[in-house]
Amino acid sequence: MSIKLNQTANFLVCVVSGGVILYFGSPLFIPLSFALLISFAVYPVCKKLEQKGFPSMLAIILCVLVVVLLFAAIIALLLQQLLSFSAEWVSLKGKLMESLTWGRNYLREHYGITEKRQEEWLKNMLLGSSGGVLSFLKSLAYASGISAVLLLIIPVYSVLLLYYRRLLAEALYSLFPADRRPVMKEILEATIHQYHNFIKGMIIVYVAVGLLNSAGLMLLGIDHALLFGFIASILTFIPYIGIIAASLLPITISWLTYNSAWYPIGVVLIFTIVQYLEANIIYPVAVGNRLHLNTLIIFVAIIAGGIIWGAAGMILFIPFIAILKLFADRTAGWEAISKLLGEK
């Protein structure tokens, strides 16, 4: 009994110590983590290019450059849609003010709340939130600067990780006894290849869901359908909550534009149908061998990642848990962790 208690205590100490190290070391670990995931995703392609006679560094730079250009194209497309949306904000602002006026009249006529009292409430809300808005803007400016630096560092880290991968792998194997090293090599290679296939499938899922969302919104006559459709596609990595949050903006825009409840209902129906197709057809076909993480673990990973690394942690901790699940499935003695992370 005392041995089990000691093992549990040691495990808790390792978890707490690891969390503290990750929290204070976030400026180093966040870009390295993104670079590691990119390296996992492009490693099989780099290996094939090297086998065909490409110099190692050239193959690595080509693969990482393709990833960088892909992300740059996505960001440019979303920014273009966002700028187009902001250009129409003046007309939407007028309709929003009309809706607010209607709401104020409704409160006065049906609940007897005078306009003076409503203005006092609004004034108190604005005064109370002004400090929060300023702090949010400061945080946003700081995060934007950090993101710009990371966008330059991450590709460099990815290239170096791929270039020194054999050295790093040998250092990792040396941490284990000699009889366990072949098994560890097999586990590492299987994990990398399965994660590569998973990422490739998820890209197909996001593109397919984004196109279906956008097509549905276009048929409904919603402006900036491409922007809203792909935002909803990207946010589907958060179970349940992501699609709800993504639908709020197109629902509001459709209501302000057409002043009818049928269009917001149409937006909800489109997202619901596409979400059903994603869960039952697109995801199983594109990804195939699912990682089978249960929803509770996904939520815990998102919240823990947000606490430790902020928005970057909410993105990174899910694939890290998925990699841990892949490792646990292939390692003797890790059956309990595999069951804990799995769906069944």
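Before reading further, recall that the structure is shown in the block above.
Notes on the structure follow.

A short note on the overall build of the protein
Consideration 1: Helix and strand counts for the protein come out as 13 helices and zero strands.
Consideration 2: Going from the N terminus to the C terminus, the protein shows its helices and strands as α-α-α-α-α-α-α-α-α-α-α-α-α.
Consideration 3: Counting every position in the protein, which comprises 344 residues, the buried fraction comes to 32%.
Consideration 4: Pairs at least 24 apart in sequence give 66% of the contacts found in the protein among residues at least 6 apart.

Some details on the packing of aromatic side chains
Consideration 1: In the structure shown here, the tally under the stated rule is four aromatic pairs.
Consideration 2: On the basis of an interplanar angle of 45° and a centroid distance of 6.5 Å, the ring pair of Phe317 and Phe320 is categorised as tilted. With a gap of three residues between them, Phe317 and Phe320 both fall in helix α12 (residues 311-329), about one helical turn apart.
Consideration 3: Ring pairing ties together the aromatic residues Trp309, Phe317 and Phe320, which thus form one cluster.

Quick word on the environment of Val20
Consideration 1: Topologically, Val20 is positioned in helix α1 (residues 2-24).
Consideration 2: Overall, the relative accessible area of 42% leaves Val20 in the partly exposed class.
Consideration 3: Expressed as a C-alpha distance, the spacing of Val20 and Ile308, which sit 288 residues apart in the sequence, is 8.4 Å.

Brief notes about a nonpolar patch on the surface
Consideration 1: A cluster of nonpolar residues, Met57, Ile61, Leu65, Leu69, Val156, Leu160, Tyr163, Tyr164, Leu167 and Leu168, forms a patch on the protein surface that exposes about 930 Å² of accessible area.
Consideration 2: Sorting the residues of the nonpolar patch by element identifies α3 (56-87), α5 (115-163) and α6 (165-173) as the ones contributing at least two each.
Consideration 3: Looking at which element gives the most residues to the nonpolar patch, the answer is α3, with four residues.

Quick word on the side chain of Ser338
Consideration 1: Checked against the element boundaries, Ser338 lands in helix α13 (residues 335-341).
Consideration 2: Taking the relative accessible area as the measure of exposure, Ser338 reaches 16% and is therefore buried.

Quick word on the environment of Leu188
Consideration 1: If you trace the backbone, Leu188 turns up in helix α7 (residues 181-220).
Consideration 2: What makes Leu188 partly exposed here is its relative accessible area of 22%.
Consideration 3: Sequence-wise, Leu188 and Leu172 are 16 residues apart; in three dimensions their C-alpha atoms are separated by 10.0 Å.
Consideration 4: Those residues in contact with Leu188 that lie beyond four places of it in its chain are Ala169, Leu172 and Tyr173.

What counts as what
Residues numbered from 1 in each chain as written. Predicted model: local features only at pLDDT ≥ 70, side-chain atom pairs only at ≥ 80, totals over all residues. Heavy atoms only, no water. Helix = DSSP H or I, 4+ residues; strand = E, 2+ residues; numbered from the N terminus. Buried < 20%, exposed > 50% of the residue type's maximum accessible area, 1.4 Å probe, protein only. Contact = heavy atoms within 4.5 Å. Phe/Tyr/Trp six-rings, centres within 6.5 Å; stacked < 30°, edge-to-face > 60°. Patch = residues over 30% accessible without salt bridge, like charges linked within 9 Å, V, L, I, M, F, W, Y side chains within 5 Å. Areas by Shrake-Rupley, 256 points an atom, 1.4 Å probe, with all protein chains shown as cover. Salt bridge = Lys/Arg side-chain N within 4 Å of Asp/Glu carboxyl O.

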